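# A structural walkthrough
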Amino acid sequence: MKKTFFLLAALCSASISMACTNFIVGKAASTDGSVICTYNADDYGMFQGLCHFSAGKHQKGEMRKVYDWDNNKYHGEIAEAAETYNVIGNINEWQVTIGETTFGGREELVNPSGILDYGSLIYITLQRCKTAREAISIMTSLVEEYGYNSGGETFTICDPNEAWIMEMVGKGPEKKGAVWVAIRIPDNAICAHANQSRITTFDQKDKKNVIYSKDVIKFAREMGFFSGKDADFSFNAAYGAPDFGGRRYCEARVWSFFNHFADMTPYLDYAMGKVPNAEPMPLWIIPNRKVSVQDIEECMRDHYEGTPFALDNDMGGGIWDMPYRPTPLSFEVDGKKCFNERPTSTQQTGFSYVSQMRSWLPREIGGCMWWGNDDGNMIAYTPIYCGNTVQPKCYNTPGANDVTFSMDNAFWVCNWVSNMVYPRYSQMFPSLKAVRDSLENSYFANQKAIEERALQMYKENPAEAKKFLNNYSNEKAQQMLERWQQLAFYLIVKYNDMAVRPEVNGKFEVTPEGLGARVKRTGFPEKYARKLIKETGDRYVQP
């Protein structure tokens, strides 16, 4: 049967789905025993706030309407659970966190009549599960009963004790259910996925750490996707084999993440995408050091710095070395098919988080989602605790939406600042970074004291401890917004008209007469000036 893939379309079209990145850290691989996972939710035009679903009890026969997470189209109804749990963002009150990346896979396996899209499946499951294993059971049971209408997805599913990766693909039009494989990531390992199916062969006898649909191999045979021995079956090869784009746009992000914690040179040819039979990367690696939340935040800000994929060595970054590129990723010049690199940190991120899950603390204190409402490189991640029931106003702003700017909204204020910085990156980013890092350093410096206070309160009154952490989360988010507003005003004054206004002791310099001091005209950075003259010859050389 003909193999049909729509990965490239999924990456290049906002209407098909989001192109995202997830990192996973097992509890024995982290510095403090936390399970850590991340999510960059990426899509052009996407406007998302910090969602919240209240815990509740529901009557038998009560139904829940399902609207597509990407486009808000109504899909149908499913039976509501008898009890649902509190969910804030992508973490619930039991510290279960679920993220995803879309790999698309085979177009003929999409079921448009299925009720559950991947996004709805995530948030409905978070409201019903207490553990990662239970989440896997719920997700797969729901699509079996109601149908799955998205393309191929890779899900990150974590709790304070276990980290899992699950890949799922539908069975085609009018066919309920899905084929899927879920694998537990070893506690001492790190894993990642970025819009390319990553599960190849798997241990079909390891019932403790590997779970899969009973027909995952049989269905592939029936469809003509696989004909070998069961032991040789690869989910990736059957349902989402990587092409050039799957390797260069997607697996390269995984390569770069791994490369922070191991020498990934042996897999460079694979990630580059130009060597057909290059050895694929493993699903996970053992890092060469323990990994902290701060380390993972930095990885979410990665632009391939210091690697062969680096974006700072060609004219694509413009005068001020912008490590971002316009999309679509592919383009054509004089009949040649060309492409841009696609790093983890990208301008189309709608929200980004690093979720920290800790088994040794009461769950309302142990689950902390470090959250931001724009490109992870351009925001300060603020703490959101899993028992929170009220979102910060800046992450859930009345009246703000994808076509309505609001100064009270973090998405818009952060994007406003980011879009000032992007084209003049090397000149302006240091100012943003200083504010970002100052805020984040203060959050981490305060975390122990805040949680110790919450723990003391929890022993006497858990509800008061939850309220305390909720108020703290909201206070820090609003503080971030105010500081970002100040940053926006500062940047336009400091860097107006491609000049730089001088400062003395942190204040703009003024003359004895009270006027602003003369601005500095910095001209081209030396590296760009050399490129310009080399390219233009004698045109700009004075006689």
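What counts, and where the lines are drawn
Residues numbered from 1 in each chain as written. Predicted model: local features only at pLDDT ≥ 70, side-chain atom pairs only at ≥ 80, totals over all residues. Heavy atoms only, no water. Helix = DSSP H or I, 4+ residues; strand = E, 2+ residues; numbered from the N terminus. Rg over C-alpha atoms; globule rule 2.2 N^0.38 Å. Buried < 20%, exposed > 50% of the residue type's maximum accessible area, 1.4 Å probe, protein only. Contact = heavy atoms within 4.5 Å. Areas by Shrake-Rupley, 256 points an atom, 1.4 Å probe, with all protein chains shown as cover. Lys, Arg positive; Asp, Glu negative; His and termini not counted. Charge placed at Lys NZ, Arg CZ, Asp CG, Glu CD. 1 Å grid on protein atoms, 1.4 Å probe; cavity = no way out; pocket = protein on both sides within 12 Å on 5 of 7 lines; lining within 4 Å. Points joined across faces, edges and corners; volume = space filled by probe spheres on them. Nonpolar A, V, L, I, M, F, W, Y, C, P; charged D, E, K, R; others polar. Pairing = 2+ DSSP bridges. Axes fitted to C-alpha atoms, helices over the stretch in contact; angles between N-to-C directions. Phe/Tyr/Trp six-rings, centres within 6.5 Å; stacked < 30°, edge-to-face > 60°. Lys NZ or Arg CZ within 6 Å of the ring centre and 35° of its normal. Domains from an automatic or database assignment. Buried area = accessible area lost by both parts, 1.4 Å probe. Salt bridge = Lys/Arg side-chain N within 4 Å of Asp/Glu carboxyl O. Patch = residues over 30% accessible without salt bridge, like charges linked within 9 Å, V, L, I, M, F, W, Y side chains within 5 Å. Disulfide = S-S within 2.5 Å. Polar contact = N/O pair within 3.5 Å; in protein donor to acceptor, adjacent residues only side chain to side chain. Core = buried A, V, L, I, M, F, W, Y, C linked by side-chain atoms within 4.5 Å. pLDDT = per-residue confidence, 0-100.

Let us now look at the overall build of the chain. Summing up its helical and strand segments, the chain has 13 helices and 23 strands in all. Against the compact-globule benchmark of 24 Å for 543 residues, the chain has a radius of gyration of 24 Å, which places it among compact chains. By principal-axis analysis of the C-alpha atoms, the chain measures approximately 80 × 65 × 45 Å. Within the chain, the proportion of its 543 residues that are buried is 56%. Looking at the chain alone, contacts between residues at least 24 apart form 71% of all its contacts between residues at least 6 apart. For the chain, the exposed surface amounts to about 23,500 Å²; the carbon and sulfur share of it is 52%. Mean positive and mean negative side-chain charge positions of the chain (59 and 65 charges, respectively) differ by 1 Å.

By the definition in use, this model includes four cavities of 30 Å³ or more. The calculated volume of the largest cavity comes to roughly 80 Å³. The wall of the largest cavity is formed by 15 residues, among which Arg 325, Thr 327, Glu 341, Thr 346 and Gln 347 lie closest to the centre. Across the lining of the largest cavity, the residue classes tally to six nonpolar, six polar and three charged.

Turning to the sheet that holds strand β2 (residues 35-42), a few remarks are in order. In spatial order, the strands read β16-β14-β1-β2-β19-β20-β21; together these seven strands make up an open sheet with antiparallel pairing. Looking at which strands have only one partner, the edges of the open sheet turn out to be β16 (284-285) and β21 (382-385). Relative to β16, strand β14 (residues 190-193) is paired through two bridges, and the arrangement is antiparallel. Directly across from Ile 190, in β16, lies its bridge partner Ile 285. Against the sheet, helix α11 (residues 425-460) engages β19 (349-357), β20 (368-372) and β21, with an angle of about 30 degrees to β21.

As a further point, take the packing of aromatic side chains. Per the counting criterion, the structure on display carries 35 aromatic pairs. Ring plane angle 85 degrees and centroid distance 6.0 Å describe the contact between Trp 69 and Tyr 118, whose orientation is recorded as edge-to-face. With Trp 69 in the loop between β5 (63-67) and β6 (74-79) and Tyr 118 in helix α2 (residues 118-126), the pair connects residues that are 49 residues apart, well separated along the chain. On the basis of relative accessible area, Tyr 118 is assigned to the buried category, the value being 3%. Within the aromatic cluster, the residues linked to one another by ring pairs are Phe 202, Tyr 212, Phe 225, Phe 226, Phe 233, Phe 235 and Tyr 239. The lysine or arginine in question, Arg 106, covers the ring of Phe 225, its NZ or CZ lying 3.6 Å from the ring centre.

Right, let's talk about the domain arrangement of the chain for a bit. By domain assignment, the chain separates into domain 1 (21-339), domain 2 (361-500) and domain 3 (503-536). Facing the 31 residues of domain 1 at the interface are 41 residues of domain 2. Its largest share of buried area at the contact with domain 2, domain 1 owes to Phe 47, Leu 50 and Trp 320, together 28% of the area lost on that side. The interface formed by domain 1 and domain 2 contains three salt bridges.

Inspection of the sheet shows strand β17 (residues 330-333) paired to strand β18 (residues 336-339) by four bridges, in the antiparallel sense. Bridge pairing in β18 links Ser 330 to Phe 339. Taking the residues that link successive antiparallel strands as the turn, the β17-β18 hairpin has two residues, and the phi of Asp 334 there is positive, at about 50 degrees.

Applying the stated criterion to the full structure yields 25 salt bridges. A salt bridge links Glu 251 to Arg 198, with the shortest nitrogen-to-oxygen separation between them at 2.9 Å. Remark: Arg 198 occurs in the loop between β14 and β15 (210-212) and Glu 251 occurs in helix α6 (residues 244-259); sequence separation between them is 53 residues. For the pair Glu 251 and Arg 198, a shared accessibility class is recorded, and that class is buried. Between Glu 503 and Lys 494 there is a salt bridge; the shortest N-O distance is 2.9 Å.

On the surface, a cluster of nonpolar side chains totalling about 280 Å² of accessible area is made up of Phe 405, Met 407 and Phe 489. Looking at the element boundaries, Met 407 is found in the loop between β21 and α10 (410-421). Since its relative accessible area comes to 31%, Met 407 is described here as partly exposed.

Taken as a whole and assessed by the stated rule, the structure comprises zero disulfides. Here Cys 20 stays unpaired: no disulfide links it, and the sulfur of Cys 250, its closest cysteine neighbor, is 11 Å away. Cysteine Cys 51 shares no disulfide, and the gap to the nearest cysteine sulfur, in Cys 129, comes to 13 Å.

In this structure, Asn 149 sits in the loop between α3 (132-146) and β11 (152-158). Counting along the chain gives 133 residues from Asn 149 to Pro 282, while the straight-line C-alpha distance between them is 29 Å. Among residues more than four places away in sequence, those in contact with Asn 149 are Asp 68, His 75, Val 110, Asn 111, Pro 112, Gly 114, Ile 115, Leu 116 and Asp 117. From its side chain, Asn 149 meets the backbone oxygen of Gly 114 in a polar contact 2.9 Å long.

Now for the nonpolar core. The tendency in soluble globular proteins is for nonpolar side chains to be buried side by side. Phe 155, Ile 157, Phe 233, Tyr 239 and Trp 484 are the most contacted members of the largest nonpolar core, which totals 148 residues. Look past the residues within four positions of Trp 484 in its chain and what remains in contact with it is Met 378, Ile 379, Ala 380, Val 413, Cys 414, Val 417, Leu 432, Val 435, Arg 436 and Leu 439.

The next point concerns the confidence of the model for the chain. Of the residues in the chain, 97% have a pLDDT of 70 or more, and the chain-wide mean is 95. Within the model, pLDDT remains below 50 along residues 1-18, and this stretch shows 59 contacts once partners closer than five positions in the same chain are excluded.

The next point concerns the environment of Thr 344. Positionally, Thr 344 belongs in the loop between β18 and β19. Residue class for Thr 344 comes out buried when judged on its relative accessible area of 1%. Along the backbone, Thr 344 and Ile 492 are 148 residues apart, and their C-alpha atoms lie at a distance of 28 Å. Not counting chain neighbours up to four residues away, the residues in contact with Thr 344 comprise Thr 21, Phe 23, Asn 40, Arg 253, Cys 299, Met 300 and Asp 302.

Moving on, we come to the packing of α10 against α11. Direction vectors running N to C along α10 and α11 enclose 145 degrees, while the axes themselves pass 8 Å from each other. Contact residues: α10 offers Val 417, Met 420 and Val 421, while α11 offers Tyr 425, Met 428, Phe 429 and Leu 432. Residue classes in the contact of α10 with α11 are distributed as seven nonpolar, no polar and no charged.

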